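As a plain string of letters, each chain reads:
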Amino acid sequence: GENVEQHPSTLSVQEGDSAVIKCTYSDSASNYFPWYKQELGKRPQLIIDIRSNVGEKKDQRIAVTLNKTAKHFSLHITETQPEDSAVYFCAASTGFQKLVFGTGTRLLVSP
Amino acid sequence: NAGVTQTPKFRILKIGQSMTLQCTQDMNHNYMYWYRQDPGMGLKLIYYSVGAGITDKGEVPNGYNVSRSTTEDFPLRLELAAPSQTSVYFCASSSREFDNEQFFGPGTRLTVL
């Protein structure tokens, strides 16, 4: 079955810096890769996603890149703000939109 | 629309007790899912359903059962609760016809003592 690895587990940056979180997946049949943000005690919220027929997608300060050959995808956050502090999860989906999640990255943005 | 709702928000069970976690969505989504999230970890799929009357196992189904008698409801049953089932349980739904985004409920925090 699918396995998703996520790095780093924690990431501390200064406000205004960029943050990059990386994930690798094992199943070449995976075709959908969402990123979720989860604040303490809250539900996961989708922030951006990408499909296997696209190499890059951007939404304001957030971008995701996908390398199908290497089976890895990354989340890029530019001009980080304190409100970006949260846990971020990557995931990969095969059939029926079933998601396999990474173990999460705790991002701390210091003012 | 209320989206995905879950009850209860919190529950403490004794070892061996049983309970049902309720999940309802009002978005007419075909697909529904149950995940568990252990402290400091990602979410793991317990069961999923692609429509009324159709359910299948996910990564960690042992100790749980589900049913899907209507499009809206997808209850999760815990039989003979064990401390290893202490977790936060999230229900989610998504539409087959549109983007694959899964919408999550607020979660149920379950403690088994």
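Just above, that's the structure.
Overview of the structure. (Residues numbered from 1 in each chain as written. Chains lettered and ligands numbered in written order. Predicted model: local features only at pLDDT ≥ 70, side-chain atom pairs only at ≥ 80, totals over all residues. Heavy atoms only, no water.)

1. Looking at the interface of chain B and chain A
At the interface, 24 residues of chain B touch 16 residues of chain A. Carbon and sulfur atoms supply 54% of the area that chain B and chain A bury against each other, a total of about 1800 Å² over both sides. Of all residues in chain B, B:Leu43, B:Asn100 and B:Phe104 give up the largest surface area on contact with chain A, accounting jointly for 30% of the area buried on that side. Applying the counting criterion to the chain B and chain A interface returns zero salt bridges. If you look at where chain B meets chain A, you find three residue pairs in polar contact (both at pLDDT 80 or more). Within the residue set of the side of chain B that touches chain A, elements represented by two or more residues are strand S4 (31-37), strand S5 (43-51) and strand S9 (87-94) of chain B. Broken down by class, the residue content of the side of chain B that touches chain A amounts to twelve nonpolar, eight polar and four charged. (Contact = heavy atoms within 4.5 Å. Buried area = accessible area lost by both parts, 1.4 Å probe. Salt bridge = Lys/Arg side-chain N within 4 Å of Asp/Glu carboxyl O. Polar contact = N/O pair within 3.5 Å; in protein donor to acceptor, adjacent residues only side chain to side chain. Helix = DSSP H or I, 4+ residues; strand = E, 2+ residues; numbered from the N terminus. Nonpolar A, V, L, I, M, F, W, Y, C, P; charged D, E, K, R; others polar.)

2. Describing the nonpolar core
Residues and elements named next belong to chain A. Counting residues in hydrophobic clusters, the biggest one holds 24 residues, and the most contacted among them are Trp35, Phe73, Leu75 and Leu107. Those elements that place two or more of their residues in this core are strand S2 (10-14), strand S3 (19-25), strand S4 (32-38), strand S5 (45-51), strand S7 (62-67), strand S8 (72-77), strand S9 (86-93) and strand S11 (105-110). Ignoring sequence-local partners within four residues, the contact set of Leu75 consists of Ala19, Val20, Ile21, Trp35, Ile47, Ile48, Ile62, Ala63 and Tyr88. (Core = buried A, V, L, I, M, F, W, Y, C linked by side-chain atoms within 4.5 Å. Buried < 20%, exposed > 50% of the residue type's maximum accessible area, 1.4 Å probe, protein only.)

3. Observations regarding the sheet that holds S3(A)
Residue and element names in this part refer to chain A. Taken together, five strands build an open sheet; the order of strands is S1-S3-S8-S7-S6 and the sheet is antiparallel. Looking along the sheet, the strands with just one partner apiece sit at the ends: strand S1 (4-7) and strand S6 (56-59). The sheet shows a mean angle of 15° between the axes of neighbouring strands, taken without regard to direction. Sheet topology places S6 next to S7; four bridges connect them, and they run antiparallel. The residue of S7 that forms the bridge with Lys58 is Ala63. (Pairing = 2+ DSSP bridges. Axes fitted to C-alpha atoms, helices over the stretch in contact; angles between N-to-C directions.)

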